Amino acid sequence: MHGRPRKAPTREDEAASAAKGKNLGFLQSQLLYNHHKKIYNEEALDLSAKTLQINPDLYTAWNFRKLAVQHKLAASHPEFNSIFDPELRLVESALRTNPKAYGAWYHREWVLRRLSKAHSSSSSLNDYLDHELQLLETLLKHDSRNFHAWNHRRFVAALFTTSDQEELKFTNEMIQDNQDNLSNYSMWHHRRVLLSGLLKKKAQGFSSKEKVLHDEYELVDGAIVAGTEDQSGWFYHLSLLEQTVNMDAPFLVSSWPSHGSNVLLSRNRCSDDCSLSQFDSFHSSSGTFPLILYFTKAVQGVNSSTITIESSFCTKNDLHWTPLMQNRSQFSQAWVTHIIFPAARPHSSEPYPLEISVGQSQGIISRNGFPYSHPTQFNFKVRLCLGETERGEVEDLDGDIILWKDENFHALQTKSQEPHEAVSFDQLIINDVHEPNTSNWRAAIVANEIDFFQTLLFCKIGILTLARLLTAKNVLLSRCMNKTVHSKVLELYKDLIKLDPLHSQYYKDQHSLVFLREVTSNRESLQRHCCSYKNFASASIGNYKCVRLNNISLSRMGSVEKLLWVSMLDLSHNELCSIEGLEAMQLLSCLNLSVNKFSGFSALGPLRLLKSLEVLNISDNEIGLHTTDTTRYLCSSPLSHTEETSWNYDEIMPGGVSVMNYWEAFLIFKSLRLTQLDIAGNAIASENFKSFLFKSPEV
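These numbers were taken from a predicted model, which means no experiment stands behind them.

Just to check I follow, could you spell out the overall build of the protein for this structure?
Broken down by element type, the protein carries 18 helices and 20 strands. Counting across all 699 residues of the protein, residues that qualify as buried make up 50%. Accessible surface, the protein: about 34,500 Å² in total, of which carbon and sulfur atoms supply 50%.

This is the structure we're talking about:
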């Protein structure tokens with residue numbers, strides 16, 4: 001551990017270990033008897049202490065001690081010191097045997113919490129504080145990387161209200177006293193936690209984030225130069241970069257409908273005469289359309305109190321906001337509600353204006369506790385389409401099959417010479433969201449770091465850090481200058497894939513994210529990936545807004561906040577094994593995921609939230625080829641899931657197919673209403689599975 005080589009045991013060591021094991025076995029059996037009989041006398045306590053001195057990892061023994069303490073405290077007028085002090089001495093003895101025994105550290109914290117409540121005298125508490133700090137100093141001298149000791153130090157500081165400034169000063173002293181601590185990851189982590197808290201509270205001396213971060217970069221850059229092969233400083237540098245680039249408070253980054261847009265709605269599919277270039281069409285047989293909000297951070301508190309909608313036919317009381325997350329978390333970057341639009345009048349073509357106000361009242365808050373502090377307003381207009389089908393002429397749409405062939409797609413053509421309005425770029429009215437002065441110093445710090453790391457390209461992590469810094473620079477500039485991602489970043493990730501094949505998947509994922517950010521950075525670059533399906537001859541598919549991101553070696557999806565308007569997406573012939581984030585694209589009706597690397601149905605989990613999805617192609621993947629995928633068993637038990645369903649687990653489908661065999665598939669497809677599904681080329685695409693899909697009443 002930590003560079004200390006293990007020694008092979010001698011015969012004497014083995015004999016002593018055998019005797020120790022025999023003695024421990026006897027002690028543990030007696031302990032379990034006392035535990036079962038609830039015997040808490042001194043003899044039982046002495047026996048448990050001997051057991052823990054030999055084996056401080058025995059949780060049952062520590063739990064027995066806790067019950068004994070509670071038994072003593074229940075007596076009248078207990079002497080607190082006589083109860084708590086022996087427990088603290090026992091923990092110290094156990095830590096001499098194993099300084100990293102989880103049970104011992106947990107027991108010490110448990111005792112100290114009760115001790116602090118029992119003692120009202122600050123002087124006596126100070127004695128305990130001094131003792132804890134002395135103990136920690138001894139342990140850290142023995143092993144300065146003992147993360148248990150560092151965690152306990154944070155616990156003690158919080159319990160005895162020691163200032164974070166003093167703790168930060170302690171890490172400074174450790175660095176000055178011993179340069180070996182520059183490679184101490186636990187020390188850097190301790191410093192990161194303290195610094196984040198001080199900046200968040202804007203404590204005295206930490207109100208200027210610019211100055212604090214400048215000093216920290218100077219400190220960690222020196223540590224990196226002193227030991228480029230050590231990862232501790234690099235990780236701390238990454239945490240500083242995140243604090244530099246990320247704005248503390250969340251804000252709204254995009255929406256659908258977007259600000260200033262004109263939305264064309266129909267209960268049935270509109271005929272071609274309704275497809276005016278200035279309108280973004282949306283078909284809804286349910287009489288509703290989604291309103292999607294996408295934030296820079298995962299937030300909670302999006303509801304009718306924090307979101308105000310002004311319109312002639314919708315009130316905030318009509319709306320229920322849903323976080324678009326698979327794990328049912330109340331924190332999400334993307335939120336959706338569905339607005340009910342009124343029945344169309346026979347000769348009415350006037351649009352309905354809607355104005356959305358976000359964050360006018362408090363309540364929206366990020367996971368790290370920062371409130372939404374950038375009140376936002378945007379508006380759009382909704383026009384109801386009266387297509388021929390709504391006037392009595394029924395279209396036959398059953399013959400429309402989506403064929404994902406290149407010849408069926410061509411460049412966008414509109415009836416006017418204006419750019420196609422489907423390429424949507426939000427112009428949200430956000431007050432002071434960009435904070436130009438703040439962005440200037442952030443960009444200046446990142447630029448200085450870029451210059452510094454240009455000299456450290458002889459190591460892989462130096463190249464990776466430079467790629468991150470260049471990406472950060474472009475992110476900062478794009479907030480006010482709309483710069484595209486520097487092509488150098490893509491080159492650096494390509495170099496890393498070759499230099500470090502062991503971590504190539506991570507580099508491919510980062511390359512994909514940077515590439516997608518570049519593609520969606522402006523209208524011109526995204527326009528090259530937009531197309532229309534066939535020749536608009538069919539009213540049922542002619543209004544799809546299609547983006548093709550096929551055959552470009554994507555391994556991870558990103559920048560979905562720029563693609564909320566897309567209804568037809570081609571991601572075929574890539575290297576995707578997950579579609580995390582795609583759940584925000586609520587307008588998605590047609591999706592092609594063929595020829596990728598999906599290994600199981602759980603990787604397709606976001607599909608469950610795409611309520612508009614009608615056409616899905618997952619052919620030629622690896623579904624069913626592996627016994628497990630990255631998150632859970634391919635055909636795992638329904639008991640491993642929390643989803644509620646009325647499905648009979650023991651039901652046997654026609655043909656002898658058991659639902660239990662395809663539980664993962666059932667969870668994906670039960671909430672979808674697909675009209676077209678292609679699963680060919682997957683190992684699971686057997687006749688039994690096809691029988692399950694087509695005979696299931698839910699699918």
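Honestly, the pattern of salt bridges in this entry has me stumped. Any pointers?
A complete count under the given rule lists 17 salt bridges for this structure. With a shortest N-O distance of 3.8 Å, Glu42 and Lys72 are connected by a salt bridge. You can see Glu42 sitting in helix H2 (residues 42–54) and its partner Lys72 sitting in helix H3 (residues 59–73), a full 30 residues away along the chain. Its relative accessible area of 27% is what places Lys72 among the partly exposed residues. Across the salt bridge formed by Lys50 and Asp46, the nearest N and O atoms sit 3.5 Å from each other. Of this pair, Lys50 and Asp46 both sit in helix H2, four residues apart, which is roughly one turn of that helix. Classification of Lys50 by relative accessible area gives partly exposed; the value is 43%. Each of the salt bridges in this network shares a partner with another, and the network as a whole consists of Glu92, Arg108 and Glu132.

I tried to follow a nonpolar patch on the surface on my own but got confused; where do I start?
Taken together, the side chains of Tyr59, Tyr102, Tyr106 and Phe147 make up a nonpolar region of the molecular surface, amounting to roughly 420 Å² of accessible area. One can find Tyr106 in helix H5 (residues 102–118). We classify Tyr106 as partly exposed; its relative accessible area is 46%.

So what exactly am I meant to see when it comes to the packing of aromatic side chains here?
According to the stated counting rule, one finds 16 aromatic pairs in the structure shown. On the basis of an interplanar angle of 40° and a centroid distance of 5.5 Å, the ring pair of Tyr40 and Phe64 is categorised as tilted. Of this pair, Tyr40 sits in the loop between helix H1 (11–37) and H2 while Phe64 sits in helix H3, and the two are 24 residues apart along the sequence. Grouping residues by exposure puts Tyr40 and Phe64 together as buried. Connected via pairs of aromatic rings, a cluster forms that spans Trp256, Phe289, Phe378 and Phe380. For Lys66, the ring lying beneath its charged end belongs to Trp110, and the centroid distance is 5.8 Å. The residue whose ring lies beneath Arg548 is Phe409, and the NZ or CZ to ring-centre distance is 4.2 Å.

Teacher, can you tell me more about the packing of H3 against helix H4 (residues 80–97) here?
Packed helices, taken two at a time, are described by the angle their axes make and the gap between the axes. Interhelical geometry of H3 versus H4 gives an angle of 170° and a closest axis separation of 10 Å. On the basis of the axis angle, H3 is roughly antiparallel to H4. Within the contact between the two elements, H3 uses Trp62, Arg65, Val69, Lys72 and Leu73 and H4 uses Phe80, Ile83, Phe84, Glu87, Leu90, Val91 and Ala94. Grouping the constituent residues of the contact of H3 with H4 by class yields nine nonpolar, no polar and three charged.

Could you clarify how one ought to interpret the side chain of Asp509 in this entry?
Within the fold, Asp509 resides in helix H15 (residues 504–519). Summary of buried charges: Asp509 has no salt-bridge partner, and the nearest side chain of opposite charge, Arg556, is 5.1 Å away. Once residues lying within four places of it in the same chain are set aside, the contact partners of Asp509 are Ser555 and Arg556.

I'm lost on the sheet that holds strand S15 (residues 568–570) in this one. Help?
Hydrogen bonds between backbone groups are what pair the strands of a sheet, and the pairing can be parallel or antiparallel. Pairing in this open sheet of seven strands is mixed, and the strands run S11-S13-S14-S15-S16-S17-S20 from one edge to the other. Among the strands making up the open sheet, the edge pair consists of strand S11 (409–410) and strand S20 (676–678). Of the pairings in the sheet, the one linking strand S14 (residues 546–548) to S15 comprises three bridges and is parallel in character. Pairing of Val547 across the sheet is with Leu569, part of S15.

Help me out: how do you make sense of helix H9 (residues 185–201) in this one?
Side chains of residues three or four places apart in an α-helix project in the same direction, reflecting 3.6 residues per turn. Across its 17 residues, H9 extends 24 Å between first and last C-alpha, which sits within 8% of the 24 Å expected from 1.5 Å per residue. Listed in full, the buried residues belonging to H9 are Ser186, Met187, Trp188, His190, Arg191, Leu194, Leu195, Leu198 and Leu199. Capping of H9 at its N-terminal end is provided by Asn184; its side-chain oxygen lies 3.1 Å from the backbone amide nitrogen of Ser186. Among the residues trailing H9, Lys202 stands out with phi positive, at a value near 50°.

I tried to follow the nonpolar core on my own but got confused; where do I start?
Here is a general trend for soluble globular proteins: nonpolar side chains tend to be buried in one another's company. By size, the foremost hydrophobic cluster in this structure holds 159 residues, and its most contacted members are Val358, Leu569, Leu591, Phe601 and Leu607. Looking at which element gives the most residues to this core, the answer is helix H13 (residues 460–481), with eight residues. Core analysis: the second largest hydrophobic core is formed by 14 residues, Phe84, Val111, Leu112 and Val156 among them.

Looking at this model, I keep getting lost on the pairing of strand S10 (residues 376–384). Mind explaining?
One face of the sheet, then the other: side chains in a regular strand alternate in exactly this way. Examined bridge by bridge, strand S2 (residues 262–266) and S10 share four bridges and lie parallel to one another. Bridge pairing in S10 places Leu265 opposite Leu384. Relative to S10, strand S8 (residues 352–358) runs antiparallel, the two sharing seven bridges. Its bridge partner being in S10, Ile356 is matched across the sheet by Phe378.

Can you walk me through the pairing of strand S7 (residues 332–340) in this structure?
Of the pairings in the sheet, the one linking strand S4 (residues 288–300) to S7 comprises eight bridges and is antiparallel in character. Looking across to S7, one finds that Ile292 is bridged to Val336. Here strand S6 (residues 322–323) runs beside S7; their pairing, made up of two bridges, is antiparallel. The residue bridging Thr322 from the neighbouring strand is Val336, located in S7.

I would appreciate a short explanation of the environment of Gln70 in the present structure.
Relative to the assigned elements, Gln70 resides in helix H3. For Gln70, a relative accessible area of 41% puts it in the partly exposed group. The sequence separation of Gln70 and Ile83 amounts to 13 residues, and the corresponding C-alpha distance is 9.6 Å.

How do you make sense of the environment of Leu241 when you look at a structure like this?
Along the chain, Leu241 falls in helix H11 (residues 232–245). Judged by its relative accessible area of 7%, Leu241 falls in the buried class. Along the primary structure Leu241 and Arg468 are separated by 227 residues, whereas in three dimensions their C-alpha atoms are 8.5 Å apart. When near neighbours in sequence (up to four residues on either side) are disregarded, Leu241 contacts Tyr217, Val446, Arg468, Leu469 and Ala472.

Conventions used here
- Residues numbered from 1 in each chain as written.
- Predicted model: local features only at pLDDT ≥ 70, side-chain atom pairs only at ≥ 80, totals over all residues.
- Heavy atoms only, no water.
- Helix = DSSP H or I, 4+ residues; strand = E, 2+ residues; numbered from the N terminus.
- Buried < 20%, exposed > 50% of the residue type's maximum accessible area, 1.4 Å probe, protein only.
- Areas by Shrake-Rupley, 256 points an atom, 1.4 Å probe, with all protein chains shown as cover.
- Salt bridge = Lys/Arg side-chain N within 4 Å of Asp/Glu carboxyl O.
- Patch = residues over 30% accessible without salt bridge, like charges linked within 9 Å, V, L, I, M, F, W, Y side chains within 5 Å.
- Phe/Tyr/Trp six-rings, centres within 6.5 Å; stacked < 30°, edge-to-face > 60°.
- Lys NZ or Arg CZ within 6 Å of the ring centre and 35° of its normal.
- Axes fitted to C-alpha atoms, helices over the stretch in contact; angles between N-to-C directions.
- Parallel < 35°, antiparallel > 145°, perpendicular 65-115°, else oblique.
- Contact = heavy atoms within 4.5 Å.
- Nonpolar A, V, L, I, M, F, W, Y, C, P; charged D, E, K, R; others polar.
- Lys, Arg positive; Asp, Glu negative; His and termini not counted.
- Pairing = 2+ DSSP bridges.
- Expected span 1.5 Å × (residues − 1).
- Polar contact = N/O pair within 3.5 Å; in protein donor to acceptor, adjacent residues only side chain to side chain.
- Core = buried A, V, L, I, M, F, W, Y, C linked by side-chain atoms within 4.5 Å.

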